[in-house]
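Geometric and topological summary
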Amino acid sequence: MGRWILRIALGLVVIAAGIGLWRWSGTGARAPDLLFGSALFRFSPAEVESLEVRRLAGTTVLRRDAAGRWLLTGLVNDLVHEERAVAVLAALVSGDGYAELPGTEPDERRFGFGNETWLEIVFHLREGGRERIALGDANPVAEMIYASGAGRRRVFGVGGDYYTVAASLPDNLRLPRLLPPLRAADADSLRIDRRGAGSVVCATFGDERWWLRLPGGTSVPAGKSEHYHSRYADRRLERGGATWLLADVRRIREIVFRATDTALVSFPEPDQGAPDQLAEYGLLPFYRGLTIYAAGGDSLRVEFGEQRGEPLRVVPARRQGTLVIARAEALWPLEGSLQEFIELGALSFRPEAADSFRVDEPSRPLLWARRAAASRGWEPIVPEGWRLTFGREDTANHLADLQMNLDRLECLDVMAPAPADPLQSDERWRLRAWLPGGRVHEVWLGRLAGDGRPVVWDPHDGKCLEIPLQMLISLRNMRRHLQPI
């Protein structure tokens, strides 16, 4: 008797479960039972050759190029963030589905398949295999999304987490920065196109220096650069039938860094790339355009409209032809006159690029450094007969500060050449730097014998440039780093 009671009870449970599932499929009155769910797919993310994202507005395709990099084409043509693509594919392939809904047919329109929120994902696999999943309406009571496909014969449900990943396609695959990562050291040239003005072209010719091509038929811009180049020729070269002036490498680095590291604010809808919309964004014609040519032939291109928005300042941009909205700091280093791209510092070389450099007073060494083998830092050199006062690590930190201050040393005024030594006999320092390619530079820092102005003087060509007094004070304070034995 007890066995029959148990069997009847179990039968009633099964019937109740079936009625509950039927009601859930029709009215959304009951949450899905995960115990009846299973994995959506049996293939791995590594087997996916391409992915189609289908909506009523059109289809976007994620596919690999010949080099194995992911690309977005179709309705959205844009750059892909490789790590994001891997993570999104893993989430889409490894998701779980709830139980099938009895009495349903695949892709029934009453569940939202084919309407404005409909989304279909098609996986193209190696060896020609193909799998799909379509997502329809949400069931707010059951907290799940109706789905179809994945090798199942009826409509079923997926969780909100899965839908969040799928519904964010293809934007969650797109590069969240303006351009892919690139260092200025890995580029060999760049061009800035300016609305209403000539282009700015800069290039490097095999060493750490960057050069700005003087536009044909133009002279050196008026101001400090004109004063310098009218008196000294060490920052000018003739190449390829053009005149090149030494460019401000800090400006170049800022341009490349901002273009490749600036965060995007939003992805406009694809239809906003129409000509009338681009004109409204100030992109037809564009306000500024930047092309970076990487060593090896590849190039990156971005065009900007004008800055807009308060308090968050943003700029519309087309990267590789696709409309995005970026933070405005990507535009800032492209602004300004031609003169602002020309090197106007006090030194015609950069100690940063040196293999070693030394600073001495006439009667004693001050600080010596060589490039540390394991890093880009500096290793102190201890001259014979001397010792370090504060230890190697502390001295290395001061050498890094000294190198940075020398690289940023400002030219306050361009003075007439001084063929003979113009410096006072006391409070003077010699800077020597050994750079790759056998280039050796020597300059002296001190005060003019006549009026006491602080200057840097080059004995090779007599170049004499006024500098801030603080540089001489910093050199004087560094005497304490070396002590005689």
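Residues numbered from 1 in each chain as written. Predicted model: local features only at pLDDT ≥ 70, side-chain atom pairs only at ≥ 80, totals over all residues. Heavy atoms only, no water.

**Concerning the overall build of the protein**
- Helix and strand counts for the protein come out as 8 helices and 30 strands.
- Taken along the three principal axes of its C-alpha coordinates, the protein extends 120 × 60 × 45 Å.
- Counting across all 485 residues of the protein, residues that qualify as buried make up 47%.
- The long-range fraction of contacts in the protein, counting pairs at least 24 apart against all pairs at least 6 apart in sequence, stands at 63%.
- Accessible surface, the protein as shown: approximately 24000 Å² in total, 52% of it carbon and sulfur. (Helix = DSSP H or I, 4+ residues; strand = E, 2+ residues; numbered from the N terminus. Buried < 20%, exposed > 50% of the residue type's maximum accessible area, 1.4 Å probe, protein only. Contact = heavy atoms within 4.5 Å. Areas by Shrake-Rupley, 256 points an atom, 1.4 Å probe, with all protein chains shown as cover.)

**A few points about the pairing of strand β15 (residues 242-246)**
- Of all 5 residues in β15, 5 are buried, a share of seventy percent or more.
- Neither face of β15 is exposed, since A242, W244 and L246 on one face and T243 and L245 on the opposite face are all buried.
- Bridge count for strand β14 (residues 236-239) against β15 is 4 bridges, and the pairing is antiparallel. If you follow R239 over to β15, its bridge partner there is A242. (Pairing = 2+ DSSP bridges.)

**Points about the nonpolar core**
- Core analysis: the largest hydrophobic core is formed by 40 residues, its most contacted members being F357, L402, L431 and L445.
- Counting residues per element, this core draws most heavily on strand β26 (residues 429-435), at 4 residues.
- The contacts of F357, once residues within four sequence positions are left out, are L367, W368, A369, W378, L399, L402, Q403, L431, R432, A433 and W434.
- In this structure, L178, V302, V315 and A326 belong to the second largest nonpolar core, which totals 39 residues. (Core = buried A, V, L, I, M, F, W, Y, C linked by side-chain atoms within 4.5 Å.)

**Observations concerning helix α8 (residues 469-477)**
- Within the span of α8, buried status applies to M471, L472, S474 and L475. Here the buried residues of α8 occupy an arc of 160° about the axis, which is enough to place them on one side.
- Buried positions along α8 lie against β21 (356-361), β22 (364-371), α7 (392-407), β26, β27 (439-447) and β28 (454-457). (Arc of directions from axis to C-beta.)

**Here we look at the pairing of β27**
- Sheet topology places β26 next to β27; 7 bridges connect them, and they run antiparallel. By the bridge assignment, W434 is partnered in β27 with V440.
- Adjacent in sequence and paired antiparallel, β26 and β27 are bridged by 3 residues, among which G437 carries a positive phi angle near 85°.
- Of the pairings in the sheet, the one linking β27 to β28 comprises 4 bridges and is antiparallel in character.

**Notes on the sheet that holds strand β13 (residues 210-213)**
- An order of β14-β15-β13-β12-β11-β17-β18-β19-β20-β16 is seen for the 10 strands of this open sheet, with the pairing classed as antiparallel. The two strands at the open ends of the sheet, each matched to only one other strand, are β14 and β16 (264-266). Ignoring which end each strand starts from, the neighbouring axes of this sheet average 30° apart.
- The pairing of strand β11 (residues 187-194) with strand β17 (residues 288-294) spans 7 bridges and is classified as antiparallel. Across the sheet, R194 pairs through a bridge with R288, a residue of β17. (Axes fitted to C-alpha atoms, helices over the stretch in contact; angles between N-to-C directions.)

**Some words on the layout of surface pockets**
- Size it by volume and the largest pocket reaches roughly 650 Å³.
- As for the largest pocket, its lining consists of 22 residues, and the residues nearest its centre are R253, R350, E352, A353 and R376.
- Taken together, the residues of the lining of the largest pocket break down into 9 nonpolar, 2 polar and 11 charged.
- If you add up the space inside the second largest pocket, you get close to 560 Å³.
- As for the second largest pocket, its lining consists of 25 residues, and the residues nearest its centre are R69, L79, P180, L300 and Q320. (1 Å grid on protein atoms, 1.4 Å probe; cavity = no way out; pocket = protein on both sides within 12 Å on 5 of 7 lines; lining within 4 Å. Points joined across faces, edges and corners; volume = space filled by probe spheres on them. Nonpolar A, V, L, I, M, F, W, Y, C, P; charged D, E, K, R; others polar.)

**A word on the packing of helix α2 (residues 82-93) against helix α3 (residues 160-167)**
- Viewed as axis vectors pointing N to C, α2 and α3 meet at an angle of 135°, and their least axial separation amounts to 10 Å. Taken together, α2 and α3 sit at an angle that is classed as oblique. The crossing of α2 and α3 is left-handed. Residue-level inspection shows V88, A91 and L92 of α2 in contact with α3, the latter providing Y162, V165 and A166. (Parallel < 35°, antiparallel > 145°, perpendicular 65-115°, else oblique. Left-handed = near helix turned anticlockwise from the far one by under 90°.)

**A few points about unusual backbone geometry**
- Cis rather than trans, the peptide bond between L169 and P170 has omega equal to -5°.
- The topology assignment puts P170 in the loop between α3 and β11.
- Across the junction of L284 and P285, the peptide omega takes the value 5°, indicating a cis bond.
- Along the chain, the position of P285 falls in the loop between α6 (275-280) and β17.
- Although it is not a glycine, E127 sits at a positive phi angle of roughly 60°.
- Summarising the element assignment, E127 is placed in the loop between β7 (119-125) and β8 (130-139).
- Classification of E127 as exposed rests on a relative accessible area of 83%.
- Backbone geometry at Q320 places phi at a positive 50°, although glycine is not the residue there.
- As for its placement among the helices and strands, Q320 is situated in the loop between β19 (314-319) and β20 (322-327).

**Some remarks on empty space enclosed by the protein**
- As enumerated under the stated definition, the model contains 2 cavities of 30 Å³ or more in all.
- A volume near 100 Å³ is recorded for the largest cavity.
- Surrounding the largest cavity, E208, R209, W210, L246, A247, V249, E343, L347, S348, F349 and R350 form its lining.
- Within the lining of the largest cavity, the residues separate by chemical class into 6 nonpolar, 1 polar and 4 charged.
- The volume enclosed by the second largest cavity comes to roughly 40 Å³.
- What lines the second largest cavity is E343, G345, A346, L347, F349, R350, L406, D407 and L409.

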